[in-house]
Amino acid sequence: QVQLVESGGGLVQAGGSLSLSCTTSGIIFSLYTMNWYRQAPGKQRELVALITGGLTTNYADSVKGRFTISRDNAKNTVNLQMNSLKPEDTAVYYCNTKKWGSEYWGQGTQVAVSS
């Protein structure tokens, strides 16, 4: 079955960096678009970054220039490097993909940025 597991969250001061990782199983990873979403209390869930199988990337305006999404097909892993973090980046970050029309989500990893 499809499983996604996020790791790398934590507490960091504003201006600092964190690197998140999502390891997948149950898919031919290289063919799938991978997404990072986040959701904070009182805010809508938002797509923050995606990377296609062809390595095309897209970012939410709020994170452009600060976050970088990448993938390692040999390790079935998608990463999110987050730099210049701001308190408003505080959220639970989720890895997501779609297979055969069904959505799959990891359990999430908490990112907290202190001012």
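See above for the structure.
This text gives an overview of the structure that appears in the document.

Rules of the game
- Residues numbered from 1 in each chain as written.
- Predicted model: local features only at pLDDT ≥ 70, side-chain atom pairs only at ≥ 80, totals over all residues.
- Heavy atoms only, no water.
- 1 Å grid on protein atoms, 1.4 Å probe; cavity = no way out; pocket = protein on both sides within 12 Å on 5 of 7 lines; lining within 4 Å.
- Points joined across faces, edges and corners; volume = space filled by probe spheres on them.
- Salt bridge = Lys/Arg side-chain N within 4 Å of Asp/Glu carboxyl O.
- Core = buried A, V, L, I, M, F, W, Y, C linked by side-chain atoms within 4.5 Å.
- Buried < 20%, exposed > 50% of the residue type's maximum accessible area, 1.4 Å probe, protein only.
- Helix = DSSP H or I, 4+ residues; strand = E, 2+ residues; numbered from the N terminus.
- Contact = heavy atoms within 4.5 Å.
- Pairing = 2+ DSSP bridges.
- Axes fitted to C-alpha atoms, helices over the stretch in contact; angles between N-to-C directions.

## So, empty space enclosed by the protein
A complete count under the given rule lists one cavity of 30 Å³ or more for this structure. If you add up the space inside the largest cavity, you get close to 50 Å³.

## Considering the pattern of salt bridges
Under the counting rule described, the total for this entry stands at five salt bridges. Across the pair Lys 64 and Asp 61 runs a salt bridge whose closest N-O atoms are separated by 3.1 Å. Connected through shared salt-bridge partners, Arg 38, Glu 46, Arg 66 and Asp 89 make up one network.

## Quick word on the nonpolar core
Generally speaking, a soluble globular protein has its nonpolar side chains buried in company with each other. If you look at the biggest cluster of nonpolar residues, it comprises 28 residues, and the most contacted ones within it are Met 34, Trp 36, Val 78, Leu 80, Met 82 and Tyr 93. Elements with a contribution of two residues or more to this core: strand E3 (18-25), strand E4 (34-39), strand E5 (46-51), strand E7 (67-72), strand E8 (77-82), strand E9 (91-99) and strand E11 (109-114). Once you skip the residues sitting within four places of it in the chain, Val 78 turns out to touch Leu 20, Ser 21, Cys 22, Phe 29, Met 34, Trp 36, Ile 51, Ile 69, Ser 70, Arg 71 and Cys 95.

## Overview of the environment of Gly 108
Mapping Gly 108 onto the fold places it in the loop between strand E10 (102-105) and E11. Gly 108 gets classed as partly exposed once you look at its relative accessible area, which sits at 23%. In this structure the C-alpha to C-alpha distance between Gly 108 and Val 12, which are 96 residues apart in sequence, comes to 17 Å. Contact partners of Gly 108, with chain neighbours within four places excluded, come to Glu 6, Val 92, Tyr 93 and Tyr 94.

## Describing the sheet that holds E3
Ordered in space as E1-E3-E8-E7, the four strands form an open sheet in which the pairing is antiparallel. The open sheet has two free edges, formed respectively by strand E1 (3-7) and E7, since each of these has just one partner strand. Neighbour to neighbour, the strand axes of the sheet diverge by 15° on average, direction disregarded. The pairing of E7 with E8 spans six bridges and is classified as antiparallel. Considered in E8, the bridge of Asp 72 is made with Thr 77.

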